[in-house]
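Summary of structural features
Now for the letters of each chain:
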Amino acid sequence: MSDDATNTSPPKRASEADDSRRGFLKVGVGVLGAGLAGVVVAPAVRALLWPLADGVKVTSGGEDFVVVGNRDQFGETPIKVDIYADRVDAWNRTKNVKIGSAWVVVIDEKLHAFSSVCPHLGCAVDYDGELGKFKCPCHDSAFGLDGAREEGPSPRGLDQLEFDEPKEGKLLAIRYERFKQGVEAKVKV
Ligand code: FES
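Residues numbered from 1 in each chain as written. Predicted model: local features only at pLDDT ≥ 70, side-chain atom pairs only at ≥ 80, totals over all residues. Heavy atoms only, no water.

As for the nonpolar core
In terms of nonpolar packing, the biggest core is built from 19 residues, with Phe74, Ile83, Val104, Leu172 and Ile174 touching the most fellow members. Contributing elements (two or more residues each) for this core: β2 (66-70), β3 (79-89), β4 (93-107), β5 (110-115) and β11 (171-175). Per element, the largest residue contribution to this core is four residues, and it comes from β4. Those residues in contact with Phe74, other than ones at most four positions away along the chain, are Val68, Gly69, Ile79, Val81, Val104, Val106, Leu111 and Leu172. Residues Trp103, Val105, Phe114 and Leu158 belong to the second largest nonpolar core, which totals nine residues. (Core = buried A, V, L, I, M, F, W, Y, C linked by side-chain atoms within 4.5 Å. Buried < 20%, exposed > 50% of the residue type's maximum accessible area, 1.4 Å probe, protein only. Helix = DSSP H or I, 4+ residues; strand = E, 2+ residues; numbered from the N terminus. Contact = heavy atoms within 4.5 Å.)

Topic: empty space enclosed by the protein
All chains considered together, the criterion is met by one cavity of 30 Å³ or more. When its volume is computed, the largest cavity comes out at roughly 60 Å³. The wall of the largest cavity is formed by Ser115, Val117, Cys118, Pro119, Arg156, Asp159, Glu177, Arg178, Phe179 and Gln181. A per-class count over the lining of the largest cavity returns four nonpolar, two polar and four charged. (1 Å grid on protein atoms, 1.4 Å probe; cavity = no way out; pocket = protein on both sides within 12 Å on 5 of 7 lines; lining within 4 Å. Points joined across faces, edges and corners; volume = space filled by probe spheres on them. Nonpolar A, V, L, I, M, F, W, Y, C, P; charged D, E, K, R; others polar.)

Considering the packing of aromatic side chains
On inspection of all chains with the given rule, the structure shows four aromatic pairs. Aromatic side chains Phe114 and Phe134 sit 6.0 Å apart centroid to centroid with 70° between the ring planes, which places their arrangement in the edge-to-face category. Of the two residues, Phe114 sits in strand β5 while Phe134 sits in strand β7 (residues 133-135), which places them 20 residues apart along the sequence. The structure contains a cluster of three or more aromatic residues connected by ring pairs, namely Trp103, Phe114, Tyr127 and Phe134. (Phe/Tyr/Trp six-rings, centres within 6.5 Å; stacked < 30°, edge-to-face > 60°.)

See below:
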């Protein structure tokens, strides 16, 4: 048998070249397919996520002042009031939803309104009539009538809420807001 008859190198090289072409085509088709899928799917996903994708505020409600009662009903013993507002998110508007509560108290004829949310981890703060102070049932933080932190792990005093100072006999309206928990500074969220 001659060397030429046993030499199989040239056909092998051709086959390798074919394999390489096929591999290249596969990658090319794959990349093209992924690109086309992106073109088709991306707008659909974007439409689905709108307005999240556009950075539009998705939930609102309670930013306005909400009437919680008549000025005259509040005194030196704190009264808890619930705050209701229309809640609007990206897809729904829900009317008259409870968005939170506040403690309202008069100290030296001056009105105070505190969020009932404990600044530590967010439990609902109660008023202890015997002790004459606000107490959080979760980790025993205590706050004075003026909202100042007195004991426990809360990093700050109760969060004062903004309100329209009413005249006697007029309605009290509070702006309910939420603040970051577990931090010393009062930071709106
Ligand atoms: S949540 Fe109020 S003390 Fe921890």
